[in-house]
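Commentary on secondary and tertiary structure
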Amino acid sequence: MKHTLSVLVQNEAGVLSSLSGLFSGRGYNIESLTVAPTIDNEYSRVTIVTSGDEKVIEQICKQLHRLIYTLKVAEISMENSVSRELVLLKVTAKDEDRSEILRIAEIFEAKIVDVSPKTYTLQIVGDQSKVQAVIELLRPLGIKEIVRSGLVAITKENQFMMNGK
Amino acid sequence: MAEGKCITKIEQQESTETMIGARILLECLRKEGVDEIFGYPGGVVLHIYDELYNCDYIKHYLVRHEQAAVHAAEGYARATGKVGVALTTSGPGATNAITGIANAYLDGYPIVVITGQVSVDLIGNDAFQEADIVGITRSCCKHNYLVKDVKDLPRIIKEAFHIAKTGKPGPVVIDLPKNVIVQKAKFKYPEKLELPGYNPTYNGHPRQILNALKLLYEAKRPVIISGGGVVASGANKELTEFAKYLHIPVANTLMGIGTFPADDKLSLGMLGMHGNYWANYAVSNCDVLFAVGTRFNDRITGSLKKFCSDAKVIHIDIDPCSISKNVNVDIPIVGDAKNVLTQMLAQAQKREHEINVDLKDKWFAQIDEWKQKRAMPVVNSDKIAPQTVIQKIYEYTKDIDPIVCTEVGQHQMWTAQLYKFNKPRQFITSGGLGTMGFGFPAAVGAAVAMKDKVVLNIAGDGSIQMNIQELMTCVDYNLNIKVFIINNGYLGMVRQWQEKIYNKHYSQTQISSPDYVKLAEAYGAIGIRVQKEEEIVPAIKKAIEHKGPVFVDFIVEPFEMVYPWVLAGDPINKVLLSNDVVDEP
Ligand SMILES: Cc1ncc(C[n+]2csc(CCOP(=O)(O)OP(=O)(O)O)c2C)c(N)n1
Ligand SMILES: [Mg+2]
């Protein structure tokens, strides 16, 4: 079962490695991890997608909280949040496939951000199911390269945001 | 987040004098009330040692290995409750300290370890004696810092001491580069801390406390497990009072030894792999388990599936991570043991509930019956039984109230079983990491901290050889340490497993020793050898009467086993009482 955790940390040297070290040291999975400063440069928001049963997720949250530079750990549920991932995807564009690629791009509101004689590069923004759908549709045409940002998520109410941070 | 709790503007004490980082370090230590540190010099920390040369407010103890400096700092912390401090140079000095740091981390004792580092502009270049100590220690310390600017040093020191001693205590590492050590600044010590992400919970949630009490009032077969957290929080009085008030028997973990008086009739003594038969049975058969300050290590739970499966579990711990990590808890109470027990006692004393002591009559009768089952020495030989030595050490030292350290192995378990402790901070042993070589340097730290006490190190012949160089430290400072070596010629605890589980293949566990009497003399200490039973008591007496370090080499039966014994992975009520008696429910 996948879980998305949103972690607010102080922007200090070594925070990211203590965080990722915690996952490797205790044998937890990381599916994806993104990190960037919040509106206040002193803090960063880390979004982690991980998997495990309820007990494991509870331990992960507690262990994350235990790090001195962690201010807040929250599990983000699908219903109460908006989540997005940015994907850049280079697909083989044979003459006969070009229109199909464009059609898929249109349906999923993907942008063509680079074109070469043999490839199209698409930019896709969406939640996990949308991203997965595009990948599956393009896979038979030959995906040459894919780069994913990892999921970021935001709750619908201001549940766990610090005043403005 | 809890706004405004810790976040207050840093106000600083101004000083007009400019000084180098090395001096600022010592001034900060002074502000933290540190007057004794353990360490070993080297290249990048030379300026610090230069400042120590004329320093009249900090005494530096020169050990013989950096691992020992850190264990000594921990021994100091364990004996006093204060923060112990160790200082090493960069590279090998710092890597030598790692075992010490990990040991303090697992047992949760407060130390601050200051390691030298190469200059900031050299970091990452594989410079001479460079090691990435912040990276290496990340997973074995509570927190660590690389100081990049001398202006940050006072704040970092203040934070380090605060983090080390509050919440669940632990080691904090400060990596101090050479250029920072020599960099000049005005010394200002911050008065307030700014750690918005660090707010340990001290008081228990009132509703959880009521729920817990309700369970305990109605319990017919309750048991308390008291762990190392009770030592850390200084909650032994509250725990004892609470147990007596509600009339609940108390078992303790290895780390919790001394938190409940061993001679009290409610005491079950130690539980776990080598715990008392009746303690394990009481815990296995209880209906309400009240655990205080323990992480439910596998050495006390045995098979987790079968541990207390029918009991309701109440668990107090200051570290939320310890709760429901191994054992599922019905009533978690995050908080400091002392605060929470005080709250619970106050609530119970309101007497809103009738406390019916008779409810537990049957339970105590059952425990008394279990108490008849004891382990006995198993080998019939003309050599001295190791248990006899420990028993006699206990009888002939209990009145002088010594601090008792141990190494790791059979001798450690026999000491835990046979030496009766009535108060905390008297028994110092490596539990979580199980570090052979811990006891001797820890004894050094305890002896420095408690100058008017006799400090014993009950050691194995294997373990003592891991940090034996510290004998020179003992002689230099004339530390009043008695090393009682239980010399069985083997890495006994490992041999014991080989005997039972590996077909008596004693692979690499027979271990030779130097002549400890001559060795002690070579170092300038006193050495005594004991080979006959009647020599035991005179040797102990002679050792205690001499003010200064003494080695006593007790030659004992090699093939004795530690019983009771619960094999790893078995439920804790499947107890071996001797070589051929298994007691199963
Ligand atoms: C540093 C370290 N290395 C290895 C071990 C594994 N180990 C646990 S007990 C033990 C034997 C200890 O022998 P000794 O000190 O003679 O004590 P005895 O069991 O004989 O009383 C060993 C090797 C350990 N705990 N620590
Ligand atoms: Mg031995």
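Our focus in this paragraph is the sheet that holds strand S15 (residues 312-317) of chain B. Residues and elements named next belong to chain B. Taking strand neighbours across the sheet as the criterion, the 6 strands line up as S13-S12-S11-S14-S15-S16 in an open arrangement whose pairing is parallel. The open sheet terminates on both sides in strands that have one partner only, identified here as strand S13 (267-270) and strand S16 (331-334). Sheet twist, expressed as the mean angle between neighbouring strand axes with direction ignored, is 15°. Taken together, the 4 bridges between S15 and S16 define a ladder with parallel strand orientation. Bridge pairing links Asp317 to Val334 in S16.

Residue and element names in this part refer to chain B. A cis amide bond, omega -5°, links Tyr563 with the succeeding residue Pro564. Counting through the fold element by element, Pro564 comes out in the loop between strand S22 (550-555) and strand S23 (575-578). Although it is not a glycine, Phe296 adopts a positive phi angle of roughly 55°. Judged by local crowding, Phe296 falls into the buried class, with 24 C-beta atoms found within 10 Å. One non-glycine residue, Asn478, lies in the positive phi region at around 45°.

Before going further, it helps to spend a moment on the packing of helix H16 (residues 386-397) of chain B against helix H17 (residues 410-418) of chain B. Residue and element names in this part refer to chain B. Put simply, H16 and H17 touch, their axes get as near as 10 Å, and they point 45° apart. On the basis of the axis angle, H16 is oblique to H17. Of the two elements, H16 crosses H17, and the hand of that crossing is right-handed. From H16, Pro386, Gln387, Ile390, Gln391 and Tyr394 reach across to H17, where they touch Gln410, His411, Trp414, Thr415 and Leu418. Partitioning the contact of H16 with H17 into residue classes produces 5 nonpolar, 5 polar and no charged.

We now examine the environment of B:Val581. Residues and elements named next belong to chain B. Considering the arrangement of structural elements, one finds Val581 in strand S24 (residues 581-583). In this structure Val581 comes out as partly exposed when scored by C-beta crowding, with 14 C-beta atoms within 10 Å. The spatial distance from the C-alpha of Val581 to the C-alpha of Val408 is 26 Å, given a sequence separation of 173 residues.

The rules behind each value
- Residues numbered from 1 in each chain as written.
- Chains lettered and ligands numbered in written order.
- Predicted model: local features only at pLDDT ≥ 70, side-chain atom pairs only at ≥ 80, totals over all residues.
- Pairing = 2+ DSSP bridges.
- Helix = DSSP H or I, 4+ residues; strand = E, 2+ residues; numbered from the N terminus.
- Axes fitted to C-alpha atoms, helices over the stretch in contact; angles between N-to-C directions.
- Buried ≥ 20, exposed ≤ 12 C-beta atoms within 10 Å, placed from the backbone.
- Parallel < 35°, antiparallel > 145°, perpendicular 65-115°, else oblique.
- Left-handed = near helix turned anticlockwise from the far one by under 90°.
- Contact = placed C-beta atoms within 7 Å.
- Nonpolar A, V, L, I, M, F, W, Y, C, P; charged D, E, K, R; others polar.

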